[in-house]
Amino acid sequence: MAGNPDFNLFQLEDFHDELRSAIRGLAEKEIAPYAKEVDGQARFPEEALTALNAAGFNAVHVPEAYGGQGADSVATCIVIEEVARVCGSSSLIPAVNKLGTMGLILNGSEELKQKVLGDLVEGKMASYCLSEREAGSDAAAMRTRAKADGDDWIINGSKCWITNGGKSEWYTVMAVTDPEKGANGISAFMVHKDDEGFVVGPLEHKLGIKGSPTAELYFENCRVPGDRIIGEPGTGFKTALQTLDHTRPTIGAQAVGIAQGALDAAIAYTKDRKQFGKTIASFQNTEFMLADMAMKIEAARLMVYTSAARAERGEKNLGFISAAAKCFASDVAMQVTTDAVQLFGGAGYTTDFPVERMMRDAKITQIYEGTNQIQRLVMARNILR
Ligand SMILES: Cc1cc2nc3c(=O)[nH]c(=O)nc-3n(C[C@H](O)[C@H](O)[C@H](O)COP(=O)(O)OP(=O)(O)OC[C@H]3O[C@@H](n4cnc5c(N)ncnc54)[C@H](O)[C@@H]3O)c2cc1C
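Here the structure is a predicted model, which is why all the values come from computation and not from measurement.

**Quick notes on the nonpolar core**
(1) Moving on: Within the largest apolar cluster, 66 residues are counted, with the highest numbers of intra-cluster contacts made by Ile31, Leu52, Phe57, Met293 and Val304.
(2) Moving on: Secondary structure elements with two or more residues in this core: helix H1 (14–41), helix H2 (46–55), helix H3 (73–86), helix H4 (88–107), helix H6 (236–272), helix H7 (284–312), helix H8 (319–343) and helix H9 (355–365).
(3) Moving on: Take this core: its biggest share by element is eleven residues, from H6.
(4) Moving on: For this core, the domains that each give at least three residues are domain 1 (14–121) and domain 3 (237–384).
(5) Moving on: Residues Leu104, Ala139, Met174 and Ala240 belong to the second largest nonpolar core, which totals 26 residues.

Take a look at the structure:
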């Protein structure tokens with residue numbers, strides 16, 4: 001096997017490299033210039049949405065059969081990673097579009113896919129609505145109810161922390177349809193922003209990813225046509241968890257991107273800044289810190305791509321690897337961005353440089369799509385089974 005040029009273990013395809021180069025160019029030219037302002041004003045990154053839509057990078061995961069780019073899971077991670085390298089908030093556009101439609105792609109009807117995915121290809125967005133105020137880590141304890149009414153479903157309740165809430169056209173909403181059956185009594189629905197009784201509540205004021213709106217949503221006798229259910233009644237919680245198996249790698253990719261952005265900034269700064277008559281990069285302590293940062297990012301990237309590739313191959317037991325990739329990469333992002341701030345000294349603590357924003361943005365990757373404690377529970381359950 002050695003020396004066989006066709007044996008490309010651990011090597012991305014050429015088109016992955018070409019994709020990275022294309023999305024990096026777009027991100028640096030059309031997204032990076034606004035990242036500081038988007039964060040400072042806590043405003044939606046419209047420039048990023050326009051640029052991503054124009055290039056078809058807003059929802060690269062949508063299969064070609066529905067007019068999308070049909071990017072594989074690794075390619076989707078590369079897009080998210082490269083956008084996150086310059087702006088964490090903007091990277092949630094492709095990331096949450098995948099999160100908001102993955103359940104539909106996995107288990108939805110053909111007609112529903114045509115309708116929703118077609119909208120995404122046109123530049124509209126989708127969100128994922130699992131969490132509730134009293135049901136976060138324990139998501140199966142949700143209280144939002146859906147009751148059949150003739151051919152329709154009537155949803156009542158609320159969801160909180162919904163990324164891109166108010167900006168999205170479509171919402172994958174998990175609701176209890178049979179309270180006697182616990183997690184097996186939860187169903188998933190595609191709710192449209194114009195559905196009667198769908199109300200967008202207030203936005204959260206956050207530590208980071210300030211350009212990504214996080215909204216509370218209310219369902220007030222919200223009427224949803226019967227054909228908007230995803231799969232059979234009672235399969236919604238399974239769909240929600242299956243979705244996370246496919247999207248936790250994308251949060252890992254976001255974390256890797258944020259960490260890489262911080263490392264790149266730290267390398268440039270430490271090669272330029274002089275103290276004691278030398279660049280600070282020439283101090284061995286700095287060299288070792290940079291080396292550790294780069295080493296951890298490389299390990300995280302490999303784990304993220306591996307988990308994405310396994311999801312792409314349709315492997316069944318993704319629980320461990322997708323939780324591990326998300327958990328490891330987000331812990332790395334927190335360490336690396338904190339070290340980057342340290343290497344900048346006082347300057348790192350100011351908004352003159354991007355590393356403090358990156359440190360704040362990194363924090364959320366340890367919390368959403370399940371906190372890293374919950375990821376460790378998922379991993380432990382898998383290895384102890
Ligand atoms: C900015 C942002 C965006 C988000 N976007 C979305 C979205 O688009 N869609 C969506 O559905 N949700 C979203 N969420 C919700 C997110 O997934 C939850 O916040 C997260 O799952 C944790 O739930 P919680 O906040 O209720 O924390 P809690 O469940 O109250 O947890 C509090 C603490 O207790 C720990 N804990 C809880 N249970 C256990 C346990 N069994 N063992 C050990 N430790 C435990 C947690 O790890 C955490 O440290 C978002 C959240 C934020 C902040």
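**A look at the domain arrangement of the chain**
(1) Moving on: One can read the domain layout of the chain as domain 1 (14–121), domain 2 (126–233) and domain 3 (237–384).
(2) Moving on: Distance from the C-alpha centre of domain 2 to the C-alpha centre of domain 3: 30 Å.
(3) Moving on: Tallying the contact residues gives 14 residues for domain 2 and 13 residues for domain 3.
(4) Moving on: Carbon and sulfur atoms make up 70% of the surface buried where domain 2 meets domain 3, a total of about 1100 Å² over both sides.
(5) Moving on: On the domain 2 side of the interface with domain 3, the three residues burying the most area are Tyr128, Leu207 and Ile209, jointly 43% of the side's total.
(6) Moving on: At the junction of domain 2 with domain 3, the criterion picks out zero salt bridges.
(7) Moving on: The interface formed by domain 2 and domain 3 includes three residue pairs in polar contact (both at pLDDT 80 or more).
(8) Moving on: The residue inventory of the side of domain 2 that touches domain 3, partitioned by class, reads ten nonpolar, three polar and one charged.

Reading guide: rules and limits
Residues numbered from 1 in each chain as written. Predicted model: local features only at pLDDT ≥ 70, side-chain atom pairs only at ≥ 80, totals over all residues. Heavy atoms only, no water. Core = buried A, V, L, I, M, F, W, Y, C linked by side-chain atoms within 4.5 Å. Buried < 20%, exposed > 50% of the residue type's maximum accessible area, 1.4 Å probe, protein only. Helix = DSSP H or I, 4+ residues; strand = E, 2+ residues; numbered from the N terminus. Domains from an automatic or database assignment. Contact = heavy atoms within 4.5 Å. Buried area = accessible area lost by both parts, 1.4 Å probe. Salt bridge = Lys/Arg side-chain N within 4 Å of Asp/Glu carboxyl O. Polar contact = N/O pair within 3.5 Å; in protein donor to acceptor, adjacent residues only side chain to side chain. Nonpolar A, V, L, I, M, F, W, Y, C, P; charged D, E, K, R; others polar.

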